[in-house]
Amino acid sequence: MKKNKIIFAIIGILLLSSCEDFLDVKPSNSADSATSILTVDDAKVAMSGIMRNMTSYNYYGRNFLIYADAKGGDFAIASAGRGLDGLYQFNHSQTSGSYSGYWDHLYQCILQVNNLLENIEKIEAAGNGTNQLLEYKGQALTARALIYFDLVRLYGKPYNMDKTSLGVPLELKVVDAAAQPTRATVEAVYNQVVADLVAGAPLMSKSIQKGYINYYANMAIQARVYLHMDNFTAALAAAETIINDGVYSLYDNDKWYDSWSNEFGSESIFEIAMNENEGDLGGSSLGYYLLPLGHITGASGWFMASDYYLDRLNEDPTDVRWSVMAEDETSTDVEPRFGSCMKYVGGHDMKGDKGKASATNVKVIRLSEIYLIAAEAALRLPSPNKIKAKDYLNEIRKRAPALEPATEATITLEMIIDEKSKELFTEGNRYWDMMRLGWQIELNDDFIQPAISIPHRDKIIDRTFYKTILPIAQDEIDANPAIGEQQNPGY
Amino acid sequence: MKKSILLVLVLLLGNMAMAQVKVTGTVTSSEDGSPIPYATILVKGVRGMGAATDLDGKFTIERVSPDAVLIFSYIGFITQEIPVNSRAIINVSLEPDLTRLDEVMVVAYGTSTKGTFTGAASVVNQKSIEDVPSVSFEQALTGKVAGMQITTQSGQAGTTSSIRVRGIGSMNASNEPLYVIDGVPVQSGNAGQMSDYIYTTSNAMASINPSDIASITVLKDAAASALYGSRAANGVILISTKKGKQGKPTVKFKASVGITPDWAYNNWDPASTDENIEMYYEMFVNAGLYYEGRTQEVSSQRALAQLNKRFNQHGYSFTAPDHTANSLTVGGERAGSYYDWEDALFRTAVYQTYDLAVSGATETTNYYTSIAYTNESGRIKTNEFDRITGRVNLTQKIGKIVEFTTNINIANSNKEGFNDTRNLGGNPFLQTRNLLWGMYWPTHYDTGEPYTNRYGSYAYNPVFYDNEWDNYSKTLRLSASEAITVKILPELHLKSVLSYDNSNVRDHLYYSPTHYNGSSRNGRVVEMNTQTTKLVSSTTLNFNKTFAEKHKVGVLLGWEAEENKTDYVRAEGSDLPTTALHTVNTAGVLDANAYYWGNTMVSALSRAEYNYDDRYYVSASFRRDASSRLAPVTREGNFWSVAGSWRIDKEDFMSNVDFISSLRLRASYGVNGTLPTSNYGWRSLTTYRDKYMELPGGTIATVADENLSWETNYTSNLALEFGLMDQRITGTIEVFNRDSKDLLQYVPISRVTGFYSTLKNVGEINNKGIEIELFGDIIKNRDLTWSAGITASHISSTVTELYGGQNIIWYEPTGGDSRTRFIYKEGESTLAIYGLEWAGVERETGKNLWFLNNEETPDLMVDGRPATYNHNNADEKILGDVHPTLFGGINTNLEWKSLSVALSFTYKIGGYTYDAASRDCADDGYYWERTMSKEQYKHRWTPENKDARLPQRVAIDMTDVLQRSSRHMHPGDYIRLKNINIGYNIPKRLTQLVSISNARVYFAGMNLWTWAKHDTYDPEVNSYGSKGFEVPIGKTYTFGIELSF
């Protein structure tokens, strides 16, 4: 019976041991959301998370940039079906080809930003605010402005086309899981974007913050936003703040090519880091999407320059921007065609900017763009300042050494917009200019050989075509029926 | 103990009787000829006279009247009466009794007998399991248990099966039953991480050697399973492993070899290369002619240009002098021959298994040990599985009151697999059916070098690339359980079990720098180690006593604690220096991850049973569970059941009804629960995976409901069990109703919140059904027995309540390709296919037609209903139900002397299956560069074939085929000869010459014959009713020999 006593004793001990401890099993790889941002250091971790979220393939990691070049007429496709060609073909409906990844992911980023901002307020309210915390607050406000600016351009009509039409749901707090938000007007969204930018700018330092947002990134976004709002005075002021402060400098012609194999160059006002084992998308990276077919294993020749882009660039065969172009799949000895862009693999030796082709940073805003914004804003001021306009333009235009510099007499808006296309090819620019200006877009359908028919749009479109903005996806409408009433017209 | 008392009594009293002759003999089992020790022999009509057999099955009875009749009996065998007829030697072979009501069955926390158990349970005995040529036992259960559906996702060796007992009771939490081996809950399902990488699974149950299994009990209603509380809502599968038999030690050796030369059924068999060329040409001609307004000549030229563009580089060129397909001619250097990819990628699968088992028992010790090796080389050349298992079951009595039982099972398996879904590059099955043209060759026609570029549309050269990757999942599973039983009083037993179930899965994945999955990282190797430990401690106190002869009382009290923990370590290396070394050690860039997760549960349990005169039975159980998967407020759940049964046949008024030999009515009602699948579903969590610039990055990853609670099932069950004509026909008719409430559901939420969905207890599902099991001995005499059984189930599974009445549209999770769209809608099936209603093909144009199902202006009327040419104009609706009207099995056994033939069929009547492959391989012009199925060739619309079932093929990116629609939905009716087993016992007089006590040779076949209503793909679909590009199952022919020494 002695043995039995021992057994009973063991059972007794087990029974009496605390159940609550035994049952409190916490995850080992995540923390309780409610208490995960309590200090300035926590805010830093959250800010890093936000930046990383912006490197997603749904956003600045790839698709958001491809969107603007594929739809804007600067890209062509050689064959249908390789991937993302629905953007080029405008093959959109609310059930298929809705490209809802933009909507879903950008709102996921908004959640992170709103959560950080709410928690920063709590830390401040508890009297634990610091200058560093204000820095994160400024970064978060600026990030929110950028994300809403991008959302409203994807889903809403251009500001200067119909600002009273519907933009996107405008949420500034963490949204309750049960909420069914509806869309605010384009104007309301723009107003909030401006408010966030204006509130955020003074909180941030003016020193360079590699991989993060600083004061000048805020100013650069202001310049972009004001240009979209046709507020040329404010756009010029923001751009000139950056130019005049001199923290950033333009690449010389002989350094321009090398800038694509270096991180955080002198023009990078806002650059997001694509590190290996972080945002690096490997074989599905932006760099791979632009490589010539079969250039390396996995390169499927998704997108290349359109004939129109190449013609534009060929105004000067000695233009330094040819240096980053490679022969595409249609190139022959007789008729070479340099349609593939190597910006995101670190140039022709494909070492990226850190040694690996696909782990190449994305330069979200460069100083070159700011000069061109300044040029356009100066030209379109209520009383145009053509001197400034040509001066700013020529700083970039000189990258085509054989072209005559613009003069007060020769400068036109087309010259500036063409220069933007040449300079910012593959950087997610062209389409937004076309939308904002209401210009026609011609798509290079005849490049596809053998020819196919594209039933989803005409060869030439402009912003009156309903598919120039994306539909609200069926999945959102299923969960949020109220927004179903607010579908973009035509879908 | 009882038996030995009886024996003593028998012997004592026997000596006093008057007698004339002495009778000796041996009692053996008809099953395998082994001796039966302790069998009872009584002399009919002579009170207290008889004997019992010894360890060798031998008996002696002194002084028996020459005209006496002897009664031979042993538990679990049919009692025989044999007249002595003055013989001195009487050898008796007893038949095992598979239908008797006193058959012992394993139930929750103990055993019961079929006639007294108050819950709903089905038993599958070892005979049905042992010869089935499958690495895991689940395949052997198909069609044997009413109400149970078994599906397999893939024909890859070593993949998981999915079991549904009585329908679907949950939308989000698991629908898999609980597995209990020898009284201890164990790990089941998919082990390791490979499914996240290449969509292939490793079945944890494959670590059980089917030959070690003695019986399987499936617990179906609450009365049977409520004692397992929160894990039991989806039924419980109790597996008992073998024990030794008293008597001489038995050594059993079994060897079998099986081959699988072919698939079990049609599987989108590809059209020939010439047919594909014709379709390709036609598709572009049609585009030119009908959609681009070009002439026949120009259209033909453009089609030829497409062909030439794609295939000139492979050594083919195309001409069509009269601009039609009739004159389409293939030229070029390789003209006349095509590469046979089927032959390059598939082979005849070989399955072999070797079992050695030694078992025996004495009065105090009982042991069973085995070691087995199984090897399966799959149909696809890159798929291998092998396993070695060892088991020791040992029971030792110490003194009179203490008994120790130790069960140890070790299994080591290795699986090499491949990507098993619509992953375009990596799946050989998909490649041969959809991507690889016969005009693609593994080598360049001009240089002879291996072809390494993508051929087009994700076709890669597997002959080259299969050498550029490798992977395996090595599983080492160790289960040990130690039980002590203390017989404190004869009526009061204490049993305490501690079990440790540990599986260690090592996943390895390698891609060379040349492989398209490894090129961007200059080679990549991933090693993952997943160690899952389940610790269960369970202590029960069992009291059983009979009062005043007629009142039998049983009480069980218990306490249980369970801890589950998984430790995960991952090391990844990229930038590899050489293709010869596939190790992380050599890599230039390293990445690592390691963390753990788990859950715990503590429970108190109790059961009370009362039985009056073996006529009226009542029982009740109660269990309280507390789980870490729920917040402290909601963590505790109470689960209970009540049940009763009535042996009508024992009533006096039944004594005149001769043709009814047994009749019993039983009923039960109970409540059990299901836990959320997620360990931390009630916590809103911030994760730190979003590293940025080598700094940790935090992201809110979940939005949780802190009040998350149990899913609760309310189950009632009513059954009638009967036996007719002296149990020649036996059967059970059972009806059940299962209301599952507070179901966990990922409620889709506006994505403006930053999330797609949140988990809530919101839904309700009802499952109700009827189950019939019938068994009959058609012929039964000394040399010939023929028996047959049938199981049939009808289950209706309906969503009864949803969050705010709001429909939920969801996609089948299988394979990550969102292949089937379903809707949860109140009043509709739990597997209601939701999509567009295809109206077929317009006869004159070959265009797709769609029923509008809305108020839009129709383009035309089809069958009197508004229809459109443009699927964007049509609305979705519920198209059909996956659940069959009736399903089950038909089993028949024929035994003639030493020869036995057993057939088991499975069938399904009603319900739809969804074709997840035809959107690719019977496409009407979206994916141009792909090859098509024979079905597409035969049934596509052409001006010559206007009554075609499938539309005209036009190369204009038509998205009709991509819509989830009734076009891909087909009737699921089928019947299949699942298993056939032909066995022959070699006569003893031959085997004894070589000192073998028993020898049996057998043939076992699997899936040898199938009839299906829709004949394009295998009708054995997955648990969501779909079939995609997962490897199908094959026809297996197995030959085996079993020897006992």
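A.B. asks: Please give an account of the overall build of chain A that cites residues and values.
C.D. replies: Along its length, chain A carries 19 helices and nine strands. The globule rule puts the C-alpha radius of gyration for 491 residues at 23 Å, and the 25 Å found for chain A is close to it. The dimensions of chain A, computed from C-alpha atoms along their principal axes, are 105 × 50 × 50 Å. Within chain A, the fraction of its 491 residues that count as buried is 54%. In chain A, 66% of the contacts between residues at least 6 apart in sequence involve partners at least 24 apart.

A.B. asks: So, the overall build of chain B: which residues are in play, and what are the values?
C.D. replies: Summing up its helical and strand segments, chain B has 13 helices and 53 strands in all. Expected size for 1045 residues packed as a compact globule is a radius of gyration near 31 Å; at 32 Å, chain B falls within 12% of this value. Taken along the three principal axes of its C-alpha coordinates, chain B extends 110 × 70 × 70 Å. Here chain B, with 1045 residues, has 51% of them falling under the buried criterion. Sequence-distant contacts, at least 24 apart, represent 68% of the contacts inside chain B between residues at least 6 apart.

A.B. asks: Go over the nonpolar core, please, and point to the residues and values.
C.D. replies: Among the nonpolar cores identified, the biggest contains 144 residues, and Ala220, Ala239 and Ala374 of chain A are the most heavily contacted of them. Looking at which domains feed residues into this core, each of domain 1 (37-172 + 180-204 + 455-491) and domain 2 (274-304 + 314-360) of chain A gives three or more. The next biggest cluster of nonpolar side chains, apart from the first, holds 107 residues, and it includes Ala173, Leu436, Trp437 and Tyr458 of chain B.

A.B. asks: Before we move on, can you summarise the packing of helix 9 (residues 215-228) of chain A against helix 10 (residues 232-245) of chain A with the specific residues and values?
C.D. replies: Residues and elements named next belong to chain A. At a minimum axis separation of 8 Å, helix 9 and helix 10 run at an interaxial angle of 155 degrees. In terms of orientation, helix 9 lies roughly antiparallel with respect to helix 10. In this structure, the crossing between helix 9 and helix 10 has a hand that is left-handed. From helix 9, Tyr216, Met219, Ala220, Gln222, Ala223, Tyr226 and Leu227 reach across to helix 10, where they touch Ala234, Ala235, Ala238, Ala239, Thr241 and Ile242. Taken together, the residues that form the contact of helix 9 with helix 10 break down as 11 nonpolar, two polar and no charged.

A.B. asks: Explain the interface of chain B and chain A to me, and be specific about the residues and the numbers.
C.D. replies: Taken together, the 71 residues of chain B in the interface contact 69 residues of chain A. Sorting the residues of the side of chain B that touches chain A by element identifies helix 6 (273-291), helix 7 (296-311), strand 24 (469-487), strand 26 (524-547), strand 27 (551-574), strand 28 (589-612), strand 32 (685-687) and strand 33 (699-700) of chain B as the ones contributing at least two each. Broken down by element, the residue count for the side of chain B that touches chain A peaks at nine residues, all from strand 28 of chain B. The residue inventory of the side of chain B that touches chain A, partitioned by class, reads 32 nonpolar, 26 polar and 13 charged.

A.B. asks: Can you break down the pairing of strand 23 (residues 402-416) of chain B residue by residue, with the values?
C.D. replies: Residues and elements named next belong to chain B. Summarising the sheet, strand 22 (residues 384-398) and strand 23 pair through 15 bridges and their orientation is antiparallel. Bridged to Asn393 within strand 23 is Asn407. Bridging between strand 23 and strand 24 involves 14 bridges; their strand directions are antiparallel. Across the sheet, the residue bridging to Ala411 is Arg477, located in strand 24.

A.B. asks: Please set out the sheet that holds strand 32 of chain B residue by residue, giving values where relevant.
C.D. replies: The antiparallel open sheet is built from three strands, whose spatial order is 1(A)-32(B)-33(B). The open sheet terminates on both sides in strands that have one partner only, identified here as strand 1 (30-32) of chain A together with strand 33 of chain B. Alignment of strand 1 of chain A against strand 32 of chain B, held across three bridges, turns out to be antiparallel. Within strand 32 of chain B, the position partnered with Ala31 of chain A by the bridge is Thr686 of chain B.

A.B. asks: Please provide a residue-by-residue account of the domain arrangement of chain A, values included.
C.D. replies: Residue and element names in this part refer to chain A. Each assigned domain of chain A is listed here: domain 1 (37-172 + 180-204 + 455-491) and domain 2 (274-304 + 314-360). At the interface, 15 residues of domain 1 touch 15 residues of domain 2. At the level of secondary structure, the elements contributing two or more residues to the side of domain 1 that touches domain 2 comprise helix 4 (63-72) and strand 2 (75-76). In terms of residue count, helix 4 provides more of the side of domain 1 that touches domain 2 than any other element does, three residues in total. Split by residue class, the side of domain 1 that touches domain 2 holds nine nonpolar, three polar and three charged.

A.B. asks: Any chance you could break down the packing of helix 14 (residues 367-379) of chain A against helix 16 (residues 413-424) of chain A for me, citing the residues and the numbers?
C.D. replies: Residues and elements named next belong to chain A. Between helix 14 and helix 16, the least distance of the axes is 10 Å, while the angle of their chain directions is 170 degrees. Taken together, the axes of helix 14 and helix 16 are roughly antiparallel relative to one another. Note on element contacts: helix 16 touches helix 14 through Leu413, Ile416, Glu419, Lys420, Glu423 and Leu424, opposite Ser368, Glu369, Leu372, Ala375, Glu376 and Leu379. Partitioning the contact of helix 14 with helix 16 into residue classes produces six nonpolar, one polar and five charged.

A.B. asks: Lay out helix 8 (residues 186-200) of chain A in plain terms, naming residues and giving numbers.
C.D. replies: Residue and element names in this part refer to chain A. Taking 1.5 Å per residue as the helical rise, helix 8 with its 15 residues ought to reach 21 Å, and the 21 Å between its terminal C-alpha atoms agrees with that figure. Listed as buried for helix 8 are Val186, Val189, Tyr190, Gln192, Val193, Asp196, Leu197 and Gly200. Along the axis of helix 8, the buried residues cluster in a sector spanning 160 degrees; they form a single face. Of the surrounding elements, those touching the buried residues of helix 8 are helix 7 (131-155) and helix 9.

A.B. asks: So what's going on with helix 9 (residues 428-435) of chain B? Which residues, and what values?
C.D. replies: Residues and elements named next belong to chain B. With respect to burial, helix 9 is a largely interior element, eight of its eight residues being buried. Of all the residues in helix 9, the buried ones are Pro428, Phe429, Leu430, Gln431, Thr432, Arg433, Asn434 and Leu435. Where the residues of helix 9 are buried, they touch helix 8 (341-345), helix 10 (462-465) and helix 11 (918-921).

A.B. asks: I'd like to hear about unusual backbone geometry, residue by residue, with values.
C.D. replies: Glycine aside, negative phi is the norm for most residues, and most peptide bonds take the trans geometry. All names here are of chain B. Even without glycine at this site, Met693 takes up a positive phi of about 50 degrees. As for its position among the elements, Met693 is in the loop between strand 32 and strand 33. Take Met693: there are 16 C-beta atoms within 10 Å of it, and that puts it in the partly exposed class. Despite not being glycine, Asp742 shows a phi value in the positive range, around 50 degrees.

A.B. asks: I'd like a rundown of the pairing of strand 47 (residues 899-909) of chain B, residues and numbers included.
C.D. replies: Residue and element names in this part refer to chain B. As paired elements, strand 46 (residues 886-896) and strand 47 share 11 bridges and run antiparallel to each other. Within strand 47, the residue paired with Leu894 across the bridge is Val901. Hairpin remark: strand 46 followed by strand 47, antiparallel, with two residues in the connecting loop; positive phi at Lys897, about 50 degrees. Pairing between strand 47 and strand 50 (residues 974-986): 10 bridges, direction antiparallel. Looking across to strand 50, one finds that Ala902 is bridged to Asn981.

A.B. asks: Residue-level account of the sheet that holds strand 2 (residues 40-43) of chain B, with values.
C.D. replies: All names here are of chain B. In space, the four strands of this open sheet follow the order 3-2-5-6, with antiparallel pairing throughout. Edge positions in the sheet fall to strand 3 (50-52) and strand 6 (80-83), since each has one partner strand and no second. In this sheet, neighbouring strand axes are inclined to one another by 20 degrees on average, regardless of whether the strands run parallel or antiparallel. Two elements, strand 2 and strand 5 (residues 69-73), share four bridges in a ladder whose sense is antiparallel. Within strand 5, the residue paired with Ile41 across the bridge is Phe72.

A.B. asks: Can you lay out the environment of Lys415 of chain B for me, pointing to particular residues and giving the numbers?
C.D. replies: Inspection of the secondary structure assignment puts Lys415 of chain B in strand 23. Lys415 of chain B sits 403 residues away from Ser818 of chain B along the chain, and the two C-alpha atoms are 27 Å apart.

A.B. asks: Tell me about the environment of Ala561 of chain B, and name the residues and values.
C.D. replies: Take Ala561 of chain B: it is sitting in strand 27. In this structure the C-alpha to C-alpha distance between Ala561 of chain B and Ser496 of chain B, which are 65 residues apart in sequence, comes to 12 Å.

A.B. asks: A description of the environment of Glu812 of chain B should follow, citing residues and the corresponding values.
C.D. replies: Residues and elements named next belong to chain B. Within the element layout of this structure, Glu812 appears in the loop between strand 38 (808-811) and strand 39 (821-824). Taking the C-alpha atoms as reference points, Glu812 and Glu482, separated by 330 residues in sequence, lie 41 Å from one another. Once you skip the residues sitting within four places of it in the chain, Glu812 turns out to touch Arg819, Thr820, Phe822, Tyr1024 and Ser1026.

Conventions we followed
Residues numbered from 1 in each chain as written. Chains lettered and ligands numbered in written order. Predicted model: local features only at pLDDT ≥ 70, side-chain atom pairs only at ≥ 80, totals over all residues. Helix = DSSP H or I, 4+ residues; strand = E, 2+ residues; numbered from the N terminus. Rg over C-alpha atoms; globule rule 2.2 N^0.38 Å. Buried ≥ 20, exposed ≤ 12 C-beta atoms within 10 Å, placed from the backbone. Contact = placed C-beta atoms within 7 Å. Core = buried A, V, L, I, M, F, W, Y, C linked by C-beta atoms within 7 Å. Domains from an automatic or database assignment. Axes fitted to C-alpha atoms, helices over the stretch in contact; angles between N-to-C directions. Parallel < 35°, antiparallel > 145°, perpendicular 65-115°, else oblique. Left-handed = near helix turned anticlockwise from the far one by under 90°. Nonpolar A, V, L, I, M, F, W, Y, C, P; charged D, E, K, R; others polar. Pairing = 2+ DSSP bridges. Expected span 1.5 Å × (residues − 1). Arc of directions from axis to C-beta.

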